[in-house]
Amino acid sequence: MSERPRLSFDLDVDICVVGAGLAGLTVALEAARLGASVAVLEGRRVGWNASGHHLGTVMPGYGLAVGDLIARVGFDDARELWSLSMQGAEYVRATASEELIPGIAMSEGALEVSNVEAGDQLISRLQMLGEDFETEVEGWQVDRVREELKTDRYFHGVYYPKAFQIDGRKYVHGLAALARRAGARIFEDTPVVSIDPSGIRKRIVTPSARLRASHIVLAGNIHLGAPLRRLSETLLPVWRYAAVTAPLGGRLADVMTFQGSVTDTDGIDHFRIVDGDRLMWSSPETTWSARPQRFAPAIARRIRTIFPRLGQVEIAETWSGAVGETVHGMPQIGQLRRGLWVASGFGRQGLNTSAIAGQLIARSILRRDERWRLFSPFELVWAGGPTGRVAGHLVGMWGRGASAAAGALARYREKAQSRERIREARLIEANRQAGTRPPRRRPPPGRPYPERPYPDRPRPPANPGEGEGA
Ligand SMILES: Cc1cc2nc3c(=O)[nH]c(=O)nc-3n(C[C@H](O)[C@H](O)[C@H](O)COP(=O)(O)OP(=O)(O)OC[C@H]3O[C@@H](n4cnc5c(N)ncnc54)[C@H](O)[C@@H]3O)c2cc1C
């Protein structure tokens, strides 16, 4: 019998988790370790989307810059949130040990490089991260960055010696195996079509079975769909494309000696060396789903733009995954109403953040640990879903309810808007140089998308087993 069959019989459990990506599986693993009976319902297959198609870089932090985090929630809560993000990264390190997940291929260090000359900003960032947020970081001057990355595109850098990378596909399947070993039951090909979260025992309906559970955890990312469409509409779906080159031989060492992950401060490129002499590279983004193979030439051009000395590179494989971005850049971790939980919106930094979600939710349900409330100020904000309805009724139920004072929110929005404008200009320039069409960006916080936000978004595949990126 398959290890992860389709659910075809009714079931009564303590916790029902919807979605078997990084988030759902981490909740399941932690809850099962704490003694709960857990069923994970996955509409397709474990890790078919982003969770099985990422680059495996594990760093502290969130999609929201640390300065904006302080402006939003104040210094003390920002410090606690940052500390949680470091704990999330350490959780992944402990779980992704060679003993627990063989072949995980862990390697150390990540470098965040600046696309512009901004030495003074670097110093204040280093001070903040190093002194105020107790994160091990090193500032690299331009010469040091260019010694390791032979390109004039990058200036200063922040080196995170404690960041690391792992084999992403092995990790998600390893999590599933650990969760099963801890007692969680995982059912694939079992989409949740509706839920009734009222009452103490909640009801979950799938095509061939019904479940009852005291707690439901919604970890479906952008594909959640029918069970709570208004929640899906608080996420902007972004498809990210990635590739690995054919072996580049000695040419690669001539342009790059840095062995960890490289990201730029605008979130445009993200790459690292794999198998000794190949580049794994993630670059273009779209807000519609497309065949990843279509982007192979664009990724090759992007590599050449950054490392002209490499010359032509052959792309061996391409893939994609869809991430859910929130308007404020922070993940959605919390309780919507008694016994109904959400773990989504992890954006491009899903490894440490989904680990936080898994631990906080499981520990709140089973150990009354209430630290998830630190995420409460980040409301569920409509991200421009197709029907244009606001997730207003959920906002009121969101945790402790009270958001930061209106003044702080306004300042935060203003800063976020100007940061987004700068990033957008750089993204457009990067796309112009690489010859790719710029993706539609999310609107500044508080401003919705115009009508028909996804004009060329294709219909979902008829067969739920087929999808982008798999
Ligand atoms: C190219 C790329 C590179 C990335 N690189 C990194 C990186 O280096 N480091 C990092 O930290 N992050 C990275 N990310 C981001 C990271 O992969 C995501 O944030 C993370 O995987 C999101 O996990 P998830 O569990 O929320 O979502 P998903 O992986 O989408 O899982 C959700 C699951 O829920 C299921 N589901 C949805 N609705 C239902 C339903 N109604 N019934 C049953 N099942 C349902 C879906 O089928 C899906 O399997 C990258 C992403 C991409 C695309």
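Placed above this text is the structure.
Cut-offs used in this document
Residues numbered from 1 in each chain as written. Predicted model: local features only at pLDDT ≥ 70, side-chain atom pairs only at ≥ 80, totals over all residues. Heavy atoms only, no water. Helix = DSSP H or I, 4+ residues; strand = E, 2+ residues; numbered from the N terminus. Buried < 20%, exposed > 50% of the residue type's maximum accessible area, 1.4 Å probe, protein only. Areas by Shrake-Rupley, 256 points an atom, 1.4 Å probe, with all protein chains shown as cover. Core = buried A, V, L, I, M, F, W, Y, C linked by side-chain atoms within 4.5 Å. Contact = heavy atoms within 4.5 Å. Near = heavy atom within 4 Å. Polar contact = N/O pair within 3.5 Å; in protein donor to acceptor, adjacent residues only side chain to side chain. Nonpolar A, V, L, I, M, F, W, Y, C, P; charged D, E, K, R; others polar. Expected span 1.5 Å × (residues − 1). Phe/Tyr/Trp six-rings, centres within 6.5 Å; stacked < 30°, edge-to-face > 60°. Lys NZ or Arg CZ within 6 Å of the ring centre and 35° of its normal. Axes fitted to C-alpha atoms, helices over the stretch in contact; angles between N-to-C directions. Parallel < 35°, antiparallel > 145°, perpendicular 65-115°, else oblique. Pairing = 2+ DSSP bridges.

A.B. asks: For this particular structure, what's the right way to read the overall build of the protein?
C.D. replies: Looking only at helices and strands, the protein features 12 helices and 17 strands. The buried share among the 470 residues of the protein stands at 58%. For the protein, the accessible surface area stands at approximately 19,300 Å², while carbon and sulfur atoms represent 50% of it.

A.B. asks: Please clarify how the nonpolar core should be interpreted in this entry.
C.D. replies: Side chains that are nonpolar tend, in soluble globular proteins, to be buried together. Ranked by internal contacts, the top residues of the largest apolar core, which has 70 residues, are Val-17, Val-38, Leu-81, Ile-166, Tyr-171 and Phe-375. Excluding anything up to four places from it in sequence, Leu-81 contacts Tyr-62, Leu-69, Val-73, Met-330, Leu-374, Phe-375 and Phe-378. With 35 residues, the next largest nonpolar core counts Tyr-241, Trp-281, Ile-299 and Ala-322 among its residues.

A.B. asks: So what exactly am I meant to see when it comes to the site of the ligand here?
C.D. replies: Neighbouring residues of the ligand: 37 residues in total, closest Glu-42, Trp-48, Asn-49, Ser-51 and Gly-347. One of the side-chain nitrogen or oxygen atoms of Asn-49 is found 2.7 Å away from an oxygen atom of the ligand. Protein chains shield 97% of the accessible area of the ligand, which is 1,000 Å² for the free molecule. Tallied by class, residues from the shell around the ligand come to 16 nonpolar, 18 polar and 3 charged.

A.B. asks: What's the story with helix α10 (residues 350–367) in this structure? I'm lost.
C.D. replies: Since one α-helical turn is 3.6 residues long, residues separated by three or four positions face the same way. The end-to-end C-alpha separation of α10 is 24 Å, in line with the 26 Å expected for 18 residues at 1.5 Å each. The buried count for α10 comes to 14 of 18 residues, which makes it a mostly enclosed element. Where α10 terminates, the next one or two residues include Arg-368, which has phi positive at roughly 60°.

A.B. asks: What should I look at first to understand helix α9 (residues 296–306) in this one?
C.D. replies: Counted residue by residue, α9 has 8 buried out of 11 residues, so it is predominantly covered. Residues of α9 that are buried: Ala-296, Ala-298, Ile-299, Ala-300, Arg-302, Ile-303, Thr-305 and Ile-306.

A.B. asks: Got a minute to help me understand the side chain of Ser-364 in this structure?
C.D. replies: Within the fold, Ser-364 resides in helix α10. On the basis of relative accessible area, Ser-364 is assigned to the buried category, the value being 8%. Apart from residues no more than four positions distant in its own chain, Ser-364 is found in contact with Trp-341, Asp-369, Glu-370 and Trp-372.

A.B. asks: So what exactly am I meant to see when it comes to the packing of aromatic side chains here?
C.D. replies: Note on aromatic pairs: each is described by the distance of the centres and the angle between the planes. Considering all chains together, one arrives at 12 aromatic pairs under this definition. On the basis of an interplanar angle of 80° and a centroid distance of 6.0 Å, the ring pair of Phe-9 and Phe-187 is categorised as edge-to-face. With Phe-9 in the segment before β1 (11–18) and Phe-187 in strand β7 (residues 185–187), the pair connects residues that are 178 residues apart, well separated along the chain. For Phe-9, a relative accessible area of 36% corresponds to the partly exposed category. Each member of the aromatic cluster is reached from another via a ring pair, and the members are Phe-75, Trp-82 and Phe-133. The ring centre of Trp-140 lies 3.8 Å from the NZ or CZ of Arg-144, which sits over that ring. Above the plane of the ring of Phe-155 lies Arg-146, whose end atom (NZ or CZ) is 4.9 Å from the centre.

A.B. asks: Please explain the packing of helix α3 (residues 75–95) against α10 as it appears in this structure.
C.D. replies: Any two packed helices are characterised by the angle at which their axes cross and by the distance between the axes. Packing of α3 against α10 brings their axes to within 7 Å, and their N-to-C directions diverge by 95°. The angle between the axes of α3 and α10 places the two elements in the roughly perpendicular class. Of the residues in α10, those in contact with Leu-84, Ser-85, Gln-87, Gly-88, Ala-89, Tyr-91 and Val-92 of α3 are Leu-351, Asn-352, Ala-355, Ile-356, Gln-359 and Leu-360.

A.B. asks: Looking at this structure, I do not really get the pairing of strand β10 (residues 209–218). What am I missing?
C.D. replies: Residues in a regular strand project their side chains so that they alternate between the two faces of the sheet. The buried count for β10 comes to 7 of 10 residues, which makes it a mostly enclosed element. The pairing of β1 with β10 spans 7 bridges and is classified as parallel. Each residue of the ladder has a partner; that of Val-13, found in β10, is Ala-213. Relative to β10, strand β9 (residues 202–206) runs antiparallel, the two sharing 5 bridges. Across the sheet, residue Thr-206 finds its bridge partner in β10, namely Ala-209. Connecting the antiparallel pair β9 and β10 is a turn made up of 2 residues. In this sheet, strand β17 (residues 340–344) lies alongside β10 in parallel orientation, the contact comprising 3 bridges. Residue pairing across strands places Leu-218 opposite Val-342, the latter belonging to β17.

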